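Structural overview
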Amino acid sequence: MRSVVTLKHAAVLALVVLGIYIGVEASKLRILLAIGPGAGFFPLIFAAVLVIASISYLFERPVAPSEVATPAIWGSSRLLVVLAALASVVVLINPLGFRFTSLGLQIVVLVALGMRNIPLILVTAFVGSFGIYSLFDEVLNVRLPIGMFGL
Amino acid sequence: MEALQLLLYGFTVALQPDNLLIAFIGCLAGTLVGVLPGVGPVAAVALLIPFTAALTPLQGIVMLAAIYYGTQYGGTITSVLINVPGESASAVTCLDGYPMARKGRAGAALAIAAIGSFIGGTVATMALVLVALPVSALALKIGPAEFFALTVVGLSLVAGLAGKSLVRGLITASLGLLVAMIGLDPAQGVPRFSFGRPELLDGFGVVPIAVGLFGLGEIFANLEKKVTTAYASRIGPLMMSREEARASVGPVARGTAIGFSLGLIPGIGSVAPTFISYAIERRLSKTPHRFGQGAIEGVAAPETANNAFANAALIPMFTLGIPSSPTVAVLMGAFLMNGLTPGPFLFKEHPDVAWGLIASLYIGNVILLILNLPLIPIWVRLLRTPYPIMVSTILVLSVVGTYAISGSVFDVAAMIGWGVVGYTLKKLEFPLAPLMLTLILGPLMERNLRSTMQLAGGDWAFFLERPAALVLFALAAVILFVSARRGPKTVPLGDSGA
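In every chain, residue numbers begin from 1 and rise along the written sequence. Chains and ligands are labelled by the order in which they are written, letters from A for the one and numbers from 1 for the other. Local features in this predicted model are restricted to residues of pLDDT 70 or higher, and side-chain atom pairs are both shown and tallied only at a pLDDT of 80 or more, whereas totals for entire chains, interfaces and linings draw on every residue. Side-chain descriptors were evaluated using all non-hydrogen atoms of the structure, hydrogens and water having been removed beforehand.

Re the overall build of chain A
Put simply, the rule is: Put simply, DSSP marks the helices as runs of H or I at least four residues long and the strands as runs of E at least two long, and each gets a number from the N terminus on. In this scheme, a residue with accessible area under 20% of its type's maximum is buried, one over 50% is exposed, and one in between is partly exposed, where area comes from a 1.4 Å probe on protein chains only. Here, residues are in contact when the closest pair of their heavy atoms is within 4.5 Å. Per-residue and other accessible areas follow the Shrake-Rupley method at a 1.4 Å probe size, with only the shown protein chains counted as cover for residues.
Regarding its fold elements, chain A presents 5 helices and 2 strands. Starting at the N terminus and ending at the C terminus, chain A contains elements arranged as α-β-β-α-α-α-α. By residue count, 41% of the 151 residues in chain A fall in the buried class. The long-range share in chain A, meaning contacts at least 24 apart out of those at least 6 apart in sequence, stands at 57%. Put simply, chain A shows about 8,000 Å² of open surface, and 73% of that area lies on carbon and sulfur atoms.

Observations concerning the environment of Pro 434 of chain B
Residue and element names in this part refer to chain B. Locating Pro 434 in the fold gives a position in helix α19 (residues 433-455). Residue class for Pro 434 comes out buried when judged on its relative accessible area of 0%. With 268 residues separating them along the chain, Pro 434 and Leu 166 place their C-alpha atoms 11 Å apart.

What to know about the packing of aromatic side chains
For any two aromatic rings, the description comes down to two numbers: the centre-to-centre distance and the angle of the planes. Worth spelling out the cut-off: Ring pairs are drawn from Phe, Tyr and Trp, using the six-membered ring of Trp, whenever the two centres fall within 6.5 Å, and their geometry is named by plane angle: stacked under 30 degrees, edge-to-face over 60, tilted for the rest.
Within the structure shown, the criterion is met by 17 aromatic pairs over all chains. Centre to centre, the rings of Tyr 57 of chain A and Phe 430 of chain B are 4.9 Å apart; their planes meet at 85°, and the pair counts as edge-to-face. You can see Tyr 57 of chain A sitting in helix α2 (residues 41-59) and its partner Phe 430 of chain B sitting in the loop between α18 (409-427) and α19, one on each of two chains. For the pair Tyr 57 of chain A and Phe 430 of chain B, a shared accessibility class is recorded, and that class is buried. Each ring, one from Phe 204 of chain B and one from Phe 410 of chain B, has its centre 6.3 Å from the other, and the planes form 15°; the classification is stacked.

Quick word on the interface of chain B and chain A
For clarity, the cut-off: Buried area adds together the accessible area that both of two parts lose upon being put together, with accessible area traced by a 1.4 Å probe. Note on definitions: salt bridges are taken to be side-chain nitrogens of Lys or Arg within 4 Å of carboxyl oxygens of Asp or Glu. By the criterion applied in these results, polar contacts are pairs of N or O atoms within 3.5 Å in which, for protein atoms, one can donate a hydrogen and the other can accept it, and in which residues neighboring in sequence qualify only through two side-chain atoms. Lys, Arg, Asp and Glu make up the charged group, whereas Ala, Val, Leu, Ile, Met, Phe, Trp, Tyr, Cys and Pro make up the nonpolar group; the residues left over, Gly among them, are polar.
Across the contact, 62 residues belong to chain B and 71 residues belong to chain A. Carbon and sulfur atoms supply 80% of the area that chain B and chain A bury against each other, a total of about 5,600 Å² over both sides. Linking chain B with chain A are 1 salt bridge, by the criterion used here. We note a salt bridge from Glu 60 of chain A to Arg 168 of chain B, for which the minimum N-O separation is 3.1 Å. Between the two partners, chain B and chain A, sit 7 residue pairs in polar contact (both at pLDDT 80 or more). At the level of elements, α8 (166-180), β2 (191-192), α9 (206-222), α17 (387-406), α18 and α19 of chain B are the ones that each hand at least two residues to the side of chain B that touches chain A. At 12 residues, the largest contribution of residues to the side of chain B that touches chain A is made by α17 of chain B. Looking at the side of chain B that touches chain A residue by residue, the classes come out as 40 nonpolar, 10 polar and 12 charged.

Quick word on the packing of helix α4 (residues 98-112) of chain A against helix α5 (residues 118-139) of chain A
Residues and elements named next belong to chain A. Rules: Axis geometry follows a simple rule: fit a line to the C-alpha atoms, using only the stretch in contact for helices, then measure angles between N-to-C directions, giving values from 0 to 180 degrees. In this scheme the handedness of a crossing depends on how the near helix is turned from the far one: anticlockwise by less than a right angle means left-handed, clockwise means right-handed.
Between α4 and α5, the least distance of the axes is 8 Å, while the angle of their chain directions is 145°. α5 is crossed by α4, and the crossing has right-handed handedness. Two secondary-structure elements touch here, α4 through Phe 98, Arg 99, Phe 100, Ser 102, Leu 103, Gln 106, Ile 107, Leu 110 and Val 111 and α5 through Ile 121, Leu 122, Thr 124, Ala 125, Phe 126, Gly 128, Ser 129, Phe 130, Ile 132 and Tyr 133. Tallied by class, the residues present in the contact of α4 with α5 amount to 13 nonpolar, 5 polar and 1 charged.

So, the packing of helix α3 (residues 41-48) of chain B against helix α4 (residues 57-82) of chain B
Helices that pack against each other are described as a pair by the angle of their axes relative to one another and the distance between those axes. All names here are of chain B. Operational definition: Should an angle lie under 35 degrees it is considered roughly parallel, over 145 roughly antiparallel, and from 65 to 115 roughly perpendicular; all remaining angles are considered oblique.
Interhelical geometry of α3 versus α4 gives an angle of 160° and a closest axis separation of 9 Å. Classed by the angle they form, the pair α3 and α4 counts as roughly antiparallel. Pair α3 / α4 crosses with right-handed handedness. Residues Pro 41, Ala 44, Val 45 and Leu 48 of α3 form the contact with α4, whose own contacting residues are Leu 64, Ile 67, Tyr 68 and Thr 71.

Concerning the pattern of salt bridges
Residues and elements named next belong to chain B. Considering all chains together, one arrives at 14 salt bridges over all chains under this definition. Residue Lys 426 pairs with Glu 218 through a salt bridge whose shortest N-O separation is 2.9 Å. Residue Lys 426 is located in helix α18, and its partner Glu 218 is located in helix α9; the two are separated by 208 residues in the primary sequence. Judged by relative accessible area, which is 31%, Lys 426 ranks as partly exposed. Given the relative accessible area of 26%, Glu 218 is considered partly exposed. For Glu 446, the salt bridge is made with Arg 450, and the minimal N-O distance between the two is 3.0 Å. Residue Glu 446 and its partner Arg 450 are located together in helix α19, separated by 4 residues, close to a single helical turn. Overall, Arg 450 belongs to the buried group, its relative accessible area being 8%. Salt bridges linked by common partners bring Asp 185, Arg 192, Glu 446 and Arg 450 together as one network.

Some details on a nonpolar patch on the surface
Residues and elements named next belong to chain A. Just so we agree on the cut-off: In this analysis, a patch consists of residues with relative accessible area above 30% that form no salt bridge, clustered at 9 Å for like charges and at 5 Å for the nonpolar side chains Val, Leu, Ile, Met, Phe, Trp and Tyr.
Judged by side-chain polarity, Val 91, Leu 92, Leu 96, Phe 100, Met 148 and Phe 149 come together as a nonpolar surface patch covering roughly 590 Å² of accessible area. Of the residues forming the nonpolar patch, the biggest block, 3 residues, is contributed by helix α3 (residues 73-96). Along the chain, the position of Val 91 falls in helix α3. For Val 91, a relative accessible area of 58% translates into the label exposed.

Some thoughts on the confidence of the model for chain A
Heads up, the condition is: Looking at any residue, its pLDDT shows the predictor's confidence there, from 0 to 100.
Residues at a pLDDT of 70 or more form 87% of chain A, whose mean pLDDT is 85. Confidence scores differ between elements of chain A, with strand β1 (residues 32-33) of chain A showing the lowest mean pLDDT of 84 and α4 of chain A the highest of 94.

Here we look at α18 of chain B
Structural remark: α-helix, 3.6 residues per turn; residues separated by three or four positions point the same way. Residues and elements named next belong to chain B. As a reminder of what qualifies: A helix is expected to span 1.5 Å multiplied by its residue count minus one.
Relative to the 27 Å expected for 19 residues at 1.5 Å per residue, α18 spans 27 Å between its end C-alpha atoms, a close match to the ideal helical length. You can read the cap of α18 off the contacts: a side-chain oxygen lies 3.1 Å from the backbone nitrogen of Phe 410, and it is on Ser 408. After α18 finishes, the residue Glu 429 shows a positive phi value of roughly 60°.

Observations regarding the environment of Glu 199 of chain B
All names here are of chain B. Here Glu 199 lies in the loop between β2 and α9. Separated by 209 residues in the primary sequence, Glu 199 and Ser 408 place their C-alpha atoms 8.5 Å from one another. Engagement of the side chain of Glu 199 in a polar contact is seen with the side chain of Arg 197, the distance being 3.0 Å.

Encoded structure:
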């Protein structure tokens, strides 16, 4: 419960800061024109709603969370590994191409989720990358990145 | 009579071999998505949008709609066979469906679920046919002031009914509204919150947000848990006994009424109709102790309500252009991406699309009834796919599906970012549905208000001359007031992927 409360406080702070920032930026746009709302009108109103609602959330009586908020350590590390793998895809997909990037992604994810059968990992990753590339490229006519090596 | 003639016209469109094939593929894909835990209907529909790029607008929408209601059928299979709901709306089916499976009556449970779903879906589609023309004709008569007021009511329902509390609903609703503001201002053409990035001049796409929030967010949350799978031993004959069939009549009828009524209201989500339907059957039953032990009424009612809800939720979109669930919001996004605007004008300007889609809803329900029961052994085999393989495949499909929309790595990065947002919101038990719904409602609201003020010459008192709009504003205020008084709920409404 304690970590839920900490997460709650951090979330409220983030939301309030976000709301204030948006409100300030919105006020730099025109709020009202002669013929009605300007570009900043709705963002300002919604930002105000966000700030007020976020502060109210701080005082809301807690509803018992249906799941324990503190993740097990192995759970967090799996999540971080998968996130890092996905972030790498964003960086590498253009230089390395879709096929190799997704091959790497799948291998990392399969290992991170506990798979240890190496042939199965390789087959799955190969089908999931090269196979999906072929599906999109040849059947659906969608061009995916081929990378600087043309692979 | 005019509606029936137009529906017949719609059938001539929908029964063309290529459109029929598309509906079949959509139903198959939807059932598959419903069977596999980890991807709900919102993420599935969003993810498969790129697959429809090579199709005509009608075919694309038919396929996506078929995927949408196909997931309702598919989710039942895992609920009954392995006590794991394939999608959140099928959660309550676990209560009696799985006990039936353990008694060797899985076939009967799946049969009544399929039949009830067919009846609920068909009745809702018939209602759509009956109300489509009158409501859209009425909608054409009302002006932007009333439409603006209608979107305000929609927002109040979404914020007030979704999730565990009004405050959390308002937070995610306002986040969705703010995200919808990103991009060029529609009237003045000035960039808003684009941070100088050309990719943000059109705002965030629906696909990265939907796939990220509902798809990746769900996967990230599940990564923290240990996933185990149990298998039901045998399916048994796909037939109900006479007593079971007789016992299911009332629940199916009531489930249809409940699911249909709630499907018309934005923000309710598909979980609430199933729980309400189950609770009512238990209350009405002369032998309530059987519920939770394998009572067929406990499967018939929620499954019927589920499908009636899914089809009824299309009615506000078709007639008024207002989405009533996150999946319908994504469907609306698909319409807009295909150059079609759902709402009253769709019937006028694209009757082939409107009536073709409605006819395909009938056809899809028939396909699903015929498809699901014989293919159950195949779905069971698929469930044995190791979870890591499922996750890695879904992640790759998410990346490629999002990239394929506009060939932009930025969209993939946005999807991952939204995945983190979705994960965080889930940890805090914030409802995701309002964010998705307000993403679509927000621009409608802004456009209609600005049109109203242009007509009024900038005079805000113009609203005082529109009694219908005033009534709707009052309704919105009542909804928010009642939601605020109710306080936080332990059972969330509307916090589902459908």
